[in-house]
There are 2 protein chains.
Amino acid sequence: MIDAPSDGETRIVSHYPPTILELIHRIGKLPGIGEKTAERLTLHIIGASRAEVEQLAQALIAVKEKTRTCRQCFGLSDEPLCSICADPARDNGQICVVEQATDMVAIEKSGAFRGRYHILQGALAPMDGVGPENLRIAELRRRVDSGGIQEVILATSPTVAGDATAAYLARFLAGPSLKISRIACGVPMGGDLKFIDQATLKRALDGRHGI
Amino acid sequence: MIDAPSDGETRIVSHYPPTILELIHRIGKLPGIGEKTAERLTLHIIGASRAEVEQLAQALIAVKEKTRTCRQCFGLSDEPLCSICADPARDNGQICVVEQATDMVAIEKSGAFRGRYHILQGALAPMDGVGPENLRIAELRRRVDSGGIQEVILATSPTVAGDATAAYLARFLAGPSLKISRIACGVPMGGDLKFIDQATLKRALDGRHGI
């Protein structure tokens, strides 16, 4: 029995069989995917080869089953040690500290860094109950204490929480032979000064350097 | 071993473990989903609950396993007979002929039709080798011949192929007691005349009716 359409959503989706509705519903739950896109993707799936759909379903399950955090840097990995930590060609003297594994990927894409990483898995947020003990700070301290590290680059986000985390780490890790640096904050490349927010402009001016 | 980035694509994706890359690759193959969106969705999947991901994977497989064409109208269904063909409340005297199951869904959403459907599964395209025998035209003929049908509404697309298919069907199905009609083609609701293409305007003028 088809019920009379009661609202907009019911009208849109009630003309498909239940299995198709279920897939539209599941795909529509993904972030940034609206109902129209979910419907379009579902119709593509119906027309796609069975092998293709099975590979997609298996890839979904495999990611949940195999993805873990690297035991050294706490980045995403499907081995106990991630490919960067396991790479003998990278510089052991520098550790770049980031909040999330995705930040590490962004820096890797830039190609500007050839050292090691440490993923904090968040930033300090006392109001939300996130203290130093909730981040991978003790593990970072152990890596620094184990020797061989010349520089720790604090690449947490230039937000209140990221800045506070960087300030905390600078104090916590401070040692006689360790250089601690913070990534520069300023006007982005190609940015039009008249559209840059005031806080960024202030940082760019404060961080000016001689040429 | 991480190879040196050779091109843009390699740079973007080579910083994830293989299982994650595989999922980004699989999601990126879906229509309208670019690499950035595939990456974003994959990171969402990694953070999602295992149950949620399994339900999505199962919904994908279920759609491929259970979706079939209705034995009467050839629309999408997960039963031998689709919900519209099985609905005793619908008008048996009218058959609306469309090219694809998605066209049927669009008409159902409009709520303007309470009869039955027939999905041709395409339109005539002699240049591409699609003749009447490749469409569900014989099956439509059988439904009309079985009696009880007062009107066949030809709702193929207003394209060259759709118009040709409608013209063919009008001749092929013609009978003394059967009304055959074609959906109106003209200016869409809310359309601004100065932005409407000339072919549509010509159709709108040709199809004018007294008020």
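Throughout, a residue's number is its position along its own chain's written sequence, starting from 1. Chains carry letters from A onward and ligands carry numbers from 1 onward, assigned in written order. This being a predicted model, a pLDDT of at least 70 is required before a residue's local features are given, and a value of 80 or more before pairs of side-chain atoms are given or counted; all residues contribute to the totals for chains, interfaces and linings. Hydrogens and waters are ignored; side-chain quantities use all the structure's heavy atoms.

A.B. asks: An account of the relation of the copies chain B and chain A is requested, with residue identities and associated values reported.
C.D. replies: What sets the superposition is a least-squares fit of C-alpha atoms, and only residues with pLDDT of at least 70 in both copies go into it. You can overlay chain B on chain A at an RMSD of 0.1 Å; the transform is a turn of 179° with a shift of 0.0 Å along its axis. The relationship between the two copies is best expressed as a two-fold rotation axis. If distances are taken from each C-alpha of chain B to the rotation axis, the shortest is found for A57(B), at 2.3 Å. Mapped onto chain A, 100% of the interface residues of chain B again fall at the interface, so both copies present the same surface. Whether two residues are in contact is decided by their heavy atoms, any of which lying within 4.5 Å being enough.

A.B. asks: Would you mind going over the interface of chain B and chain A in detail, with residue names and values included?
C.D. replies: Taken residue by residue, the interface counts 57 residues in chain B and 58 residues in chain A. Note: buried area is the sum, over both parts, of the accessible area (probe 1.4 Å) each one loses when the two are combined. Taking both sides of the interface into account, the surface hidden between chain B and chain A amounts to around 5,300 Å²; carbon and sulfur atoms contribute 70%. It is L60(B), K64(B) and K109(B) in chain B that bury the most area against chain A; as a group they hold 13% of the surface buried on that side. Any carboxyl oxygen of Asp or Glu within 4 Å of a side-chain nitrogen of Lys or Arg constitutes a salt bridge here. Between chain B and chain A we count four salt bridges in total. For E65(A), the salt bridge goes to R50(B), with nearest N and O atoms at 3.2 Å.

A.B. asks: How would you explain the sheet that holds strand β5 (residues 151-154) of chain A if you had to name every residue and give the values?
C.D. replies: Residue and element names in this part refer to chain A. Between any two strands, pairing holds if DSSP finds at least two bridges. Put simply, DSSP marks the helices as runs of H or I at least four residues long and the strands as runs of E at least two long, and each gets a number from the N terminus on. Pairing within the open sheet is parallel, and its four strands lie in the order β4-β3-β5-β6. Strands at the two margins of the open sheet, each flanked by one partner only, are β4 (116-119) and β6 (179-182). Taking the axes of each pair of neighbouring strands and ignoring which way they run, one obtains an average angle of 25° across the sheet. Direction of pairing for strand β3 (residues 94-98) relative to β5: parallel, over a ladder of four bridges. Only the stretch in contact is used when a helix axis is fitted, and all axes are lines through C-alpha atoms; the angle between N-to-C directions ranges over 0 to 180 degrees.

A.B. asks: Kindly report on the packing of helix α2 (residues 18-28) of chain B against helix α3 (residues 35-47) of chain B, identifying the contributing residues and their values.
C.D. replies: A pair of packed helices is characterised by two quantities: the angle between their axes and the separation of those axes. All names here are of chain B. Two elements in contact, α2 and α3, have axes separated by 8 Å at closest approach and are oriented at 130°. With respect to each other, α2 and α3 are oriented oblique. As for how α2 packs across α3, the hand of that crossing is right-handed. For the pair formed by α2 and α3, the contact residues are I20, L23, I24, I27 and G28 on the first element and E35, A38, E39, L41, T42, I45 and I46 on the second. An angle below 35 degrees is read as roughly parallel, one above 145 as roughly antiparallel, one from 65 to 115 as roughly perpendicular, and any other as oblique. Crossing handedness: left-handed means the near helix sits turned counterclockwise from the far one by under a right angle, and right-handed means the same turn made clockwise.

A.B. asks: Please give an account of the domain arrangement of chain A that cites residues and values.
C.D. replies: With domains assigned, chain A is organised as domain 1 (8-66) and domain 2 (91-183). The domain limits used here are those given by an automatic or database domain assignment. Placing the centre of domain 1 of chain A and that of domain 2 of chain A at their C-alpha centroids yields a distance of 39 Å.

A.B. asks: Please give an account of the confidence of the model for chain A that cites residues and values.
C.D. replies: Any region with low pLDDT has predicted coordinates that should not be read closely. Residues and elements named next belong to chain A. On a range of 0 to 100, pLDDT expresses the predictor's confidence in each residue. Per-residue confidence for chain A averages 89 on the pLDDT scale, and 93% of its residues sit at or above 70. Counting interchain partners and residues more than four positions distant, the pLDDT-below-50 stretch residues 1-13 has 13 contacts. In the predicted assembly, ipTM is 0.76 and pTM is 0.75.

A.B. asks: Just give me the short version of the packing of helix α4 (residues 50-66) of chain A against α3(B), but keep the residues and values in it.
C.D. replies: Interhelical geometry of α4(A) versus α3(B) gives an angle of 50° and a closest axis separation of 9 Å. With respect to α3(B), the axis of α4(A) lies oblique. The hand of the α4(A)/α3(B) crossing is right-handed. Between α4(A), through L60(A), V63(A) and K64(A), and α3(B), the contact on the second element is made entirely by I45(B), I46(B) and G47(B). Within the contact of α4(A) with α3(B), the residues separate by chemical class into four nonpolar, one polar and one charged. The classification used treats Ala, Val, Leu, Ile, Met, Phe, Trp, Tyr, Cys and Pro as nonpolar, Asp, Glu, Lys and Arg as charged, and all other residues, Gly among them, as polar.

A.B. asks: Tell me about the environment of Q72(A), and please be specific about residues and values.
C.D. replies: All names here are of chain A. One can find Q72 in the loop between β1 (68-69) and β2 (76-77). Classification of Q72 as partly exposed rests on a relative accessible area of 32%. Q72 sits 14 residues away from A86 along the chain, and the two C-alpha atoms are 9.6 Å apart. Those residues in contact with Q72, other than ones at most four positions away along the chain, are L81, C85, H118 and R143. Per-residue accessibility, obtained with a 1.4 Å probe over protein chains only, is compared with the maximum for each type, and a residue is labelled buried under 20%, exposed over 50%, and partly exposed between these values.

A.B. asks: Help me get a handle on the sheet that holds strand β3 (residues 94-98) of chain B, residues and values and all.
C.D. replies: Residues and elements named next belong to chain B. Here four strands make up an open sheet; going across it, the order is β4-β3-β5-β6 and the pairing parallel. Because the sheet does not close on itself, it has two edges, and the strands there are β4 (116-119) and β6 (179-182). Going from strand to strand, the sheet's axes swing by 25° on average, the running direction of each strand aside. As paired elements, strand β5 (residues 151-154) and β6 share four bridges and run parallel to each other. Across the sheet, E151 pairs through a bridge with K179, a residue of β6. Relative to the sheet, helix α5 (residues 101-110) contacts β3 and β4, its axis offset from that of β4 by approximately 155°. On top of the sheet, helix α7 (residues 160-173) reaches β3, β5 and β6; it is set at about 170° to β6, its chief contact.

A.B. asks: Any chance you could break down the side chain of T42(B) for me, citing the residues and the numbers?
C.D. replies: Summarising the element assignment, T42(B) is placed in helix α3. Classification of T42(B) as buried rests on a relative accessible area of 0%.

A.B. asks: Give a description of the pairing of β4(B) that names residues and reports values.
C.D. replies: Looking along a regular strand, one sees side chains alternate from face to face of the sheet. Residue and element names in this part refer to chain B. Alternating positions in β4 separate into two faces, R116 and H118 on one and Y117 and I119 on the other, with burial throughout. Here β3 runs beside β4; their pairing, made up of four bridges, is parallel. By the bridge assignment for β4, V97 is matched with H118. The handedness of a crossover follows from its direction of travel: if, with the strands pointing away from the viewer, the path from the first strand over the helix to the second runs clockwise, the crossover is right-handed. Handedness of the β-α-β unit built from β3, α5 and β4 comes out right-handed.

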